[in-house]
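Residue-level structure breakdown
Chain by chain, the residues:
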Amino acid sequence: MNHSARAFWLRSPGHGELRDITLAEPAADEVLVRALYSGVSRGTETLVFRGGVPESQHTVMRAPFQEGDFPGPVKYGYLSVGVVEEGPAALMGRTVFCLYPHQSRYVVPVNAVTVVPERVPAERAVLAGTVETAVNALWDATPLIGDRIAVVGGGMVGCAVAALLARFPGVRLQLVDADPARARTAEALGVDFAAPADALGDCDLVVHASATEAGLTRALQLLAPEGTVVELSWYGDRSVALPLGEAFHSRRLTVRGSQVGTVSPAARPGRGYAERMALALDLLADPALDALITGESAFEELPSVLPKLASGEIPALCHRVRYTETGLT
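Predicted model, so just to flag it, every value in this text is computed and none were measured.

1. Side note on the packing of helix 3 (residues 128-141) against helix 4 (residues 156-165)
Here helix 3 crosses helix 4 at 60 degrees, and the two axes come no closer than 8 Å. With respect to their mutual orientation, helix 3 and helix 4 come out oblique. Between helix 3 and helix 4 the crossing geometry is right-handed. Contact residues: T130, V131, T133, A134, V135, A137 and L138 in helix 3; M156, V157, A160, V161, L164 and L165 in helix 4. In the contact of helix 3 with helix 4, the residues fall into 11 nonpolar, 2 polar and no charged.

2. Thoughts on the pairing of strand 16 (residues 293-298)
Within a regular strand, side chains alternate between the sheet's two faces. Taken together, the 5 bridges between strand 16 and strand 17 (residues 318-322) define a ladder with parallel strand orientation. Residue pairing across strands places A298 opposite R322, the latter belonging to strand 17. A crossover connection joins strand 16 to the parallel strand 17 through helix 8 (residues 302-311); in handedness this β-α-β unit is right-handed.

3. Quick notes on the environment of L253
The topology assignment puts L253 in the loop between strand 14 (223-231) and strand 15 (254-257). Residue L253 is classed as buried on the basis of its relative accessible area of 9%. Spatially, the C-alpha atoms of L253 and V126 are 36 Å apart, while their sequence positions differ by 127 residues.

4. A closer look at the layout of surface pockets
Its volume calculated, the second largest pocket comes out at about 160 Å³. In terms of lining residues, the second largest pocket is bounded by V135, L138, W139, P143, L164, R167, F168, R268, L279 and L283. Secondary structure elements with two or more residues in the lining of the second largest pocket: helix 3 and helix 7 (273-283). Here the lining of the second largest pocket gets 3 residues from one element, more than from any other, and that element is helix 3.

5. A few points about the pairing of strand 2 (residues 15-23)
Bridge count for strand 1 (residues 3-12) against strand 2 is 9 bridges, and the pairing is antiparallel. Bridging across to strand 2, F8 finds its partner in L18.

6. A closer look at the sheet that holds strand 10 (residues 148-152)
One key point about sheets: their strands pair by backbone hydrogen bonds, in either a parallel or an antiparallel sense. Taken in spatial order, the 6 strands line up as 12-11-10-13-14-15 in an open sheet, and their pairing is parallel. The open sheet has two edge strands with one neighbour each: strand 12 (192-194) and strand 15. Pairwise comparison of adjacent strand axes, ignoring direction, gives a mean angle of 25 degrees for this sheet. Judged from the 4 bridges that link them, strand 10 and strand 13 (residues 203-208) form a sheet pairing that is parallel. Residue pairing in the sheet places V151 in a bridge with V207 of strand 13.

7. Examining the pattern of salt bridges
The tally for this structure, following the rule as stated, stands at 16 salt bridges. For the salt bridge of K75 with E67, the shortest nitrogen-to-oxygen distance reads 2.9 Å. Using a relative accessible area of 2% as the deciding quantity, one classes K75 as buried. Here E67 falls in the partly exposed class, since its relative accessible area comes to 37%.

8. Remarks on the packing of helix 3 against helix 7
Two elements in contact, helix 3 and helix 7, have axes separated by 8 Å at closest approach and are oriented at 115 degrees. Regarding the angle of helix 3 to helix 7, the classification is roughly perpendicular. For helix 3 against helix 7, the interelement crossing comes out right-handed. Here A128, V131, E132, V135, N136 and W139 of helix 3 come into contact with helix 7, specifically with Y273, R276, M277, L279, A280, L281 and L283.

9. Considering helix 6 (residues 213-221)
Turning to helix 6, its buried residues are G215, L216, R218, A219 and L220. Elements that come into contact with the buried residues of helix 6 comprise strand 10, strand 13, strand 14 and strand 15.

10. Description of the side chain of S233
Among the secondary structure elements, S233 is positioned in the loop between strand 14 and strand 15. The class of S233 is buried, set by a relative accessible area of 13%. Within the structure, the side chain of S233 is placed 3.4 Å from the side chain of H208, a separation counted as a polar contact. Residues contacting S233, with those up to four places away along its chain left out, are H208, A209, S210 and A211.

11. A closer look at the packing of aromatic side chains
Applying the stated criterion across every chain, the model contains 5 aromatic pairs. Ring geometry for F65 and Y100: centres 5.3 Å apart, planes at 35 degrees, overall tilted. Pair noted here: F65 is in the loop between helix 1 (42-49) and strand 4 (67-68) and Y100 is in the loop between strand 7 (95-98) and strand 8 (105-109), with a separation of 35 residues, a long-range link. In this structure F65 comes out as partly exposed when scored by relative accessible area, which is 23%.

What counts and how
Residues numbered from 1 in each chain as written. Predicted model: local features only at pLDDT ≥ 70, side-chain atom pairs only at ≥ 80, totals over all residues. Heavy atoms only, no water. Axes fitted to C-alpha atoms, helices over the stretch in contact; angles between N-to-C directions. Helix = DSSP H or I, 4+ residues; strand = E, 2+ residues; numbered from the N terminus. Parallel < 35°, antiparallel > 145°, perpendicular 65-115°, else oblique. Left-handed = near helix turned anticlockwise from the far one by under 90°. Contact = heavy atoms within 4.5 Å. Nonpolar A, V, L, I, M, F, W, Y, C, P; charged D, E, K, R; others polar. Pairing = 2+ DSSP bridges. Right-handed = clockwise from strand over helix to strand, strands pointing away. Buried < 20%, exposed > 50% of the residue type's maximum accessible area, 1.4 Å probe, protein only. 1 Å grid on protein atoms, 1.4 Å probe; cavity = no way out; pocket = protein on both sides within 12 Å on 5 of 7 lines; lining within 4 Å. Points joined across faces, edges and corners; volume = space filled by probe spheres on them. Salt bridge = Lys/Arg side-chain N within 4 Å of Asp/Glu carboxyl O. Polar contact = N/O pair within 3.5 Å; in protein donor to acceptor, adjacent residues only side chain to side chain. Phe/Tyr/Trp six-rings, centres within 6.5 Å; stacked < 30°, edge-to-face > 60°.

Shown next, in the form of structure tokens:
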């Protein structure tokens with residue numbers, strides 16, 4: 001028996017559409033998942049939407065189940081939560097997370113899905129990929145008890161990092177952002193908030209996630225001697241100037257890149273992607289993380305919603321997409 005589904009495709013930069021597709025019957029080592037929710041990662045997905053992925057990064061930026069190529073046509077996305085409708089008995093009816101694009105139903109290998117813990121609502125589980133990025137960043141950053149830490153950039157990833165750091169004992173932590181509206185998000189996460197000009201300095205660690213040149217410069221300024229900036233921002237096709245003159249060398253500062261595509265064997269020997277994802281889903285039991293979901297729309301509206309997310313007309317951290325059974329067989 002074949003199943004029908006609908007998928008969101010970026011036809012060309014700035015233009016999306018829904019396409020009808022037919023799914024084959026899942027094999028013995030596969031599952032058929034009916035989507036409940038997916039999430040739009042505003043930073044990365046709007047970069048893809050406007051065609052801003054540099055040619056040199058086309059391979060690196062591929063999502064696990066991406067179809068097509070940048071700049072388009074391409075089916076892109078990686079925050080999907082659904083229910084297993086066909087597959088091994090142990091997974092039947094279970095809510096799962098998968099790094100899959102925006103699609104109403106899909107067939108993937110069994111090892112591509114992670115069961116969502118019962119204490120984590122499906123609506124919140126769309127954040128799993130973002131929290132996984134935050135976990136990886138903190139594995140790379142190795143914060144210590146009592147550290148003085150700033151997270152510069154109150155977007156989806158920055159807020160997730162701040163939410164996890166808020167659980168560390170004895171840290172002095174600030175979320176730093178130029179948008180005063182982020183103060184409300186910080187409060188919901190239990191984190192102190194500061195505008196860039198008011199942020200506390202002498203930081204042992206600064207996690208930078210603003211994707212702006214000004215943010216990275218301010219991150220360096222906030223460091224104590226021997227301090228480290230962990231750079232999470234993805235700049236796409238933009239060039240960024242970095243102030244490596246002035247006191248950068250005399251203060252022995254460090255800038256370290258972190259990217260979710262790799263689990264550093266030096267930072268966490270023996271840990272793999274499956275363990276990282278399972279940990280991220282477990283951490284999502286905290287209802288405070290609901291503050292990262294700032295809007296919701298129906299899947300059918302996605303072609304008109306994504307341009308507004310890309311332009312900033314709809315301000316968002318994570319925008320949640322809701323699926324229904326309409327038109328599916």
